[in-house]
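# Commentary on secondary and tertiary structure
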Amino acid sequence: MRLFGNRDEYNGKFRIHIVNNKDRIQLALQICSLLISLVTIACIFCYHGLYITQDTKNLIRWMIHGSLVFYVFKYFTLLFYSLHRKEYIRQSWVEFLIIILLILQFISVHFFHIDIVDAQNFENIYLIFIQFYFLIIVLVEIAKMSSSLGKYHLSPPILMVGSFIFLIAIGTLLLKMPRMTTNGISFIDALFTATSASCITGLAVLSTPETFTFKGQVVILVLIQLGGMSILSFATFFSTFLSRSMVGLRYQYMIRDMMSADHLSDSVGLLRSIVLTTFIIEAAGAAFLFTYWKSTGFFLSDKQNLFFSIFYTVSAFNNGGFVLIDDSLLNLGVPGSYFPQVVIMSLVFLGGIGFVTIRDFFSYRYIRERNKYRWKTLMPQTKIVLYVTLGLIAIGSVLFFLLEYNGAMKDISGVGDKVFTSIFQITTCRTSGFNVLDINTRIPTIFMILVMIFIGGSPSSTGGGIKTTTLFVVFKSIIATVKGKKDIEFDHRAISVSLVERATTILLMSLIFISISCFLLTTVQPDVQLLPAMFETISAFTTCGLSTGECANWNWMAKLILTINMYCGRIGTLTLAFALTRHKKESPHQYPDLYIMIG
C-alpha cells in the first residue's frame with residue numbers, strides 16, 4: 001500500500017510540475033523554434049542562392065542537421081509536458097511520423113550503413129527533404145503568428161495585404177541572388193518579376209528562359225503557387241493539417257471571411273479541400289502534359305519534360321501566364337494540337353471559375369445531395385459564374401473568329417481549327433495570358449480582348465479583373481433601372497442594395513485606378529503610345545499577363561507603376577481600401593434626402 005501511495009504521490013507532483021511549467025516551456029520552445037527556423041531558412045537561401053565554398057556548404061549542412069535535432073527535441077519535450085500524450089500524438093500524427101522516419105533513416109545510414117542509392121545522391125535527396133521539411137515548419141510558424149494576431153483585431157484585408165507584401169519581398173530577395181540568374185538583374189526587375197509571379201500576372205520584362213537559371217525558375221514556380229492561393233492559405237493548411245488545435249476561434253472567423261465560407265464550421269474544411277483540390281488538379285494536368293510531350297519527343301530528357309509539365313500546369317491553373325520558352329505557347333508544340341490545348345484550356349477555366357464553384361459543381365457530396373433531393377440545386381453564385389463565364393467565352397470566340405478569320409488565323413487551315421483556336425485564345429487570354437497567336441492584331445480585336453481581361457475571372461479564383469459576379473450584378477442593376485423596377489432579382493431571390501453598391505464601387509474604383517495609372521505611365525514614359533500603355537496597364541491591374549512586349553523597354557518608374565498595378569489588382573481595390581481605412585460608426589442622426597437631377 002505504501003508503494004502505491006508513493007507512486008500516486010509521485011504522479012501528483014509530476015502533474016503539478018507539468019501544469020506549473022508547461023506554458024513557460026511552450027513559450028521558450030516557440031521562440032527558439034521561430035529563431036532557428038529563420039536562421040535555417042537563411043542558410044538554405046545562401047546554400048542555393050550564393051556561390052560559396054565547400055567548407056561553407058558543409059557548415060550549412062551541419063547547421064541544418066543541428067536544427068533538425070532541435071525540432072526532434074522540441075517535439076518530444078512538448079510530448080513530455082503534455083497531460084494527454086495520446087491526444088497530443090493523435091493531433092500531431094503527421095509531425096510524429098516524419099520525425100520517426102527521420103530518426104530511423106539517420107540510424108540506418110550512420111549505424112547500419114544501409115544505402116538504397118549511392119551515397120552522394122542519397123545525401124542530396126536527404127538534404128532536399130530536410131530543407132522541404134523546414135519550409136513546412138516555417139509555414140506553420142507563420143500560421144501560428146498570424147493566428148496570434150487575431151487578438152490585435154487585424155481584419156482579413158490587412159492580413160491579406162501584409163501576406164502578399166511578405167511574399168513579394170522574399171521573392172525579390174531570392175531572385176536577386178547570384179545563382180538565380182545567368183548574369184544578374186537589377187532590383188526593379190527582380191521586384192517586377194517577383195510581383196508578377198506572386199500576383200499571378202505573367203507580365204515579364206525579362207526573358208524567363210534566358211535570364212533565370214533552373215533555380216530561379218523554381219523560385220518563380222513556387223511564387224506562382226503560393227500567390228495563387230495566398231501564402232496565408234498554405235500556412236494555415238499546413239498548420240491545421242499538422243494539428244487542429246492550432247487554429248483558434250477568432251482565426252477561424254478570419255479564414256471564413258477570406259475564403260467566403262458559409263458557416264464557421266466550413267472554414268477550415270473548405271481551406272483543406274481547396275488545397276487538396278489544387279494539388280489533385282495540378283497533378284492530373286502535369287501527368288497529361290508529360291504524356292503528350294513524351295509521345296511527341298519534344299524534350300530530350302524526362303527530367304526536362306517533367307519540370308516543363310509541372311511549371312505549365314501550375315502557371316495555367318493559377319492563371320499565372322509565365323512560360324519557359326519565349327513567345328508563350330507558339331514554340332512549344334502546342335499550336336495545331338488539340339490535346340495540349342484542351343488540357344491548358346481546362347486548367348485555365350477551372351482556375352478562373354473559383355474554388356467555391358468547383359466544390360459546388362464537382363463535389364461528390366453535393367452531386368449526391370442534388371440527386372437525392374430534387375429541390376436542391378446549384379448555388380446562385382455557381383449559376384452566375386457559369387452563365388457569365390460561358391457567355392463571355394461564347395461571345396468572345398465568335399467575335400474573335402469573325403475579326404481574325406483572315407487576320408491572325410489566316411495561316412490556319414480549316415474552319416474547325418479556326419473555331420477551336422478562337423475558343424482557346426479567348427478562354428486563356430481572359431485571365432492567364434497564354435496565346436497561340438500573335439496578339440498584335442487589329443484594334444477592334446485588341447479592344448475586345450481588353451474588355452475580356454478587364455472582366456477577368458470569378459470570386460475565390462486565381463483570376464483577376466473585376467470578376468464575373470460584379471459584371472452580372474451591375475448589368476442586372478442597369479436592366480432594372482431601365483425597366484423602372486425597384487427590386488433586382490435572380491433565381492427567385494432578391495439582390496440586396498449593398499451588393500449593388502459594392503459591385504458598382506468595384507467597377508468605378510477599378511476604372512479610376514486604371515485611368516490614373518495610365519496617365520502616370522504616359523507621363524513618366526513620354527514615348528509610349530496610348531494603346532500599348534492602356535493595354536499593359538489593364539493587363540497588369542487585372543493580373544492577366546497578356547502583353548504587347550513594349551514594357552520590357554520602359555524605364556524603372558514605368559515598371560514600378562505596373563508593379564503597383566499588379567499588386568493592387570491581385571489584392572483588389574475594395575479590399576485594399578478596407579485595409580487602409582478605419583471604419584467609423586454610423587452617425588446617430590439622419591439627414592433628409594437630397595434630390596438632384598441625374599443624367
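This structure is a prediction, so every number in the text was calculated from the model and none was measured. Here, residues in each chain are numbered from 1, in the same order as that chain's written sequence. At least 70 in pLDDT is required for a residue's local features to be given in this predicted model, at least 80 for side-chain atom pairs to be given and counted, and no such filter applies to totals for whole chains, interfaces and linings, which use all residues. Side-chain measures here rest on the full set of heavy atoms in the structure, leaving out hydrogens and waters.

There is a patch of nonpolar side chains on the surface, built from Leu508, Leu511, Ile512, Ile516, Phe519 and Leu520 and spanning about 580 Å² of accessible area. Where helices and strands are cited, they refer to DSSP runs of H or I of at least four residues and of E of at least two residues respectively, numbered from the N terminus. Following the sequence through the fold, Ile512 ends up in helix α21 (residues 497–524). Take Ile512: its relative accessible area is 51%, and that puts it in the exposed class. Nonpolar side chains (Val, Leu, Ile, Met, Phe, Trp, Tyr) are joined into patches within 5 Å and like charges within 9 Å, using only residues with over 30% relative accessible area and no salt bridge. Computed with a 1.4 Å probe, the accessible areas rest on the Shrake-Rupley method; for each residue, only the protein chains presented here act as cover. When a carboxyl oxygen of Asp or Glu lies within 4 Å of a side-chain nitrogen of Lys or Arg, that pair is called a salt bridge. Per-residue accessibility, obtained with a 1.4 Å probe over protein chains only, is compared with the maximum for each type, and a residue is labelled buried under 20%, exposed over 50%, and partly exposed between these values.

Attention now moves to the state of the cysteines. Two cysteines form a disulfide when their sulfur atoms are joined by a covalent bond. Any two cysteine sulfur atoms within 2.5 Å of one another count as a disulfide. For the structure on display, the rule yields zero disulfides. Cysteine Cys199 remains unbridged, with the sulfur of Cys568 as its closest cysteine sulfur at 8.9 Å. In this structure Cys199 comes out as buried when scored by relative accessible area, which is 0%.

General note: in soluble globular proteins, nonpolar side chains tend to be found buried as a group. In this structure, Trp293, Tyr312 and Leu329 are the most contacted members of the largest nonpolar core, which totals 94 residues. No other element matches the eight residues that helix α19 (residues 443–455) contributes to this core. Whether two residues touch is decided by their heavy atoms; if any such pair falls within 4.5 Å, the residues are in contact. Not counting chain neighbours up to four residues away, the residues in contact with Leu329 comprise Tyr312, Val334, Pro335, Ile344, Phe424, Phe434, Asn435 and Val436. By size, the runner-up hydrophobic cluster in this structure holds 23 residues, among which are Ile168, Ala540, Tyr567 and Cys568. Residues grouped as a nonpolar core are buried Ala, Val, Leu, Ile, Met, Phe, Trp, Tyr and Cys residues, joined through side-chain atoms within 4.5 Å.

Time to look at the side chain of Thr357. Position of Thr357 relative to the elements: it lies in helix α15 (residues 355–362). We classify Thr357 as buried; its relative accessible area is 1%.

It is worth spelling out α19 at this point. In a helix, the anticipated span is given by 1.5 Å times the number of residues less one. Taking 1.5 Å per residue, 13 residues should reach 18 Å; α19 reaches 19 Å between its end C-alpha atoms and fits that length. Three or more residues of α19 are buried, namely Thr445, Ile446, Met448, Ile449, Leu450, Met452, Ile453, Phe454 and Ile455. Residues of α19 that are buried in the fold lie against α17 (380–404), α18 (415–429), α20 (468–483), α21 and α22 (530–541). One or two positions beyond α19, positive phi appears at Gly456, with a value near 75 degrees.

Pairing of aromatic rings covers Phe, Tyr and Trp, the last through its six-membered ring, and needs centres within 6.5 Å; plane angles under 30 degrees mean stacked, over 60 mean edge-to-face, and all others mean tilted. Counting across every chain of the model gives 18 aromatic pairs. Ring centres of Tyr292 and Phe339 lie 6.3 Å apart, and the angle between their planes is 35 degrees; this geometry places the pair in the tilted category. In this pair, Tyr292 is assigned in helix α12 (residues 264–296) and Phe339 in helix α14 (residues 338–353), connecting sequence segments 47 residues apart. What makes Phe339 partly exposed here is its relative accessible area of 41%. Directly above the ring of Tyr405 sits Lys418, whose terminal nitrogen or CZ lies 3.7 Å from the centroid. Our definition puts a charge over a ring when NZ of Lys or CZ of Arg is within 6 Å of the ring centre and also within 35 degrees of the ring normal.

Our focus in this paragraph is the side chain of Thr469. Structurally, Thr469 is set in helix α20. Relative accessible area serves as the criterion here: at 16%, Thr469 is assigned to the buried category. Excluding residues within four positions of it along the chain, Thr469 makes contact with Gln381, Ile384, Val385 and Pro459.

Looking now at the pattern of salt bridges. As enumerated under the stated definition, the model contains four salt bridges in all. For Lys294, the salt bridge identified is with Asp302, shortest N-O distance 2.8 Å. Residue Lys294 is classed as partly exposed on the basis of its relative accessible area, which comes to 46%. For Asp360, the salt bridge goes to Arg370, with nearest N and O atoms at 3.6 Å. With Asp360 in helix α15 and Arg370 in helix α16 (residues 364–372), the pair connects residues that are ten residues apart, well separated along the chain. Of the two residues, Asp360 and Arg370, neither departs from the other in class, the shared state being buried.

Turning our eyes to something else, we now look at unusual backbone geometry. With a phi close to 55 degrees, Asn319 is a non-glycine residue in the positive phi region. Among the secondary structure elements, Asn319 is positioned in the loop between α13 (302–317) and α14. Given a relative accessible area of 0%, Asn319 falls into the buried group. We note that His492 has phi near 60 degrees; this positive angle belongs to a residue other than glycine. When you line up the elements, His492 lands in the loop between β1 (488–490) and β2 (493–495).

A separate point is the environment of Thr542. Among the structural elements, Thr542 can be located in the loop between α22 and α23 (556–571). Given the relative accessible area of 1%, Thr542 is considered buried. Residues Thr542 and Ser510, 32 residues apart in the sequence, show an inter-C-alpha distance of 9.3 Å. Setting aside residues no more than four positions away along its own chain, Thr542 makes contact with Ile453, Phe454, Gly464 and Gly465. In the analysis that follows, any N or O atom pair within 3.5 Å is treated as a polar contact, provided that within protein one partner can donate a hydrogen and the other can accept it, and provided that, for residues neighboring in sequence, both atoms belong to side chains. At 2.6 Å, the side chain of Thr542 and the backbone oxygen of Ile538 are in polar contact.

What counts as an axis is a line fitted to C-alpha atoms, over the stretch in contact for a helix, and the angles between N-to-C directions run from 0 to 180 degrees. Remark: α15 packs on α16, axes separated minimally by 5 Å, with the N-to-C direction vectors making an angle of 50 degrees. One way to sum up the angle between α15 and α16 is to call them oblique. Facing α15, whose interface residues are Arg359, Asp360, Phe361 and Phe362, α16 presents Tyr364, Tyr366, Ile367 and Arg370. Grouping the amino acids of the contact of α15 with α16 by side-chain chemistry returns five nonpolar, no polar and three charged. What sets the label is the angle itself: under 35 degrees gives roughly parallel, over 145 gives roughly antiparallel, 65 to 115 gives roughly perpendicular, and the rest give oblique. Residue polarity is assigned by list, with Asp, Glu, Lys and Arg as charged and Ala, Val, Leu, Ile, Met, Phe, Trp, Tyr, Cys and Pro as nonpolar; anything else, Gly included, falls into the polar class.

Okay, the environment of Val222 next. Take Val222: it is sitting in helix α9 (residues 214–229). What makes Val222 partly exposed here is its relative accessible area of 42%. Residues Val222 and Phe311 lie 89 residues apart in sequence; the distance between their C-alpha atoms is 9.4 Å.

Looking at any residue, its pLDDT shows the predictor's confidence there, from 0 to 100. Of all residues in the protein, 77% have pLDDT values of 70 or greater, and the mean over the chain is 80. Here helix α11 (residues 249–259) stands out as the element of the protein with the lowest mean pLDDT, 52, in contrast to helix α7 (residues 187–198), whose mean of 94 is the highest. The low-confidence segment residues 115–120, where pLDDT is below 50, has two contacts with residues more than four positions distant or belonging to other chains. Within the model, pLDDT remains below 50 along residues 243–250, and this stretch shows 16 contacts once partners closer than five positions in the same chain are excluded.

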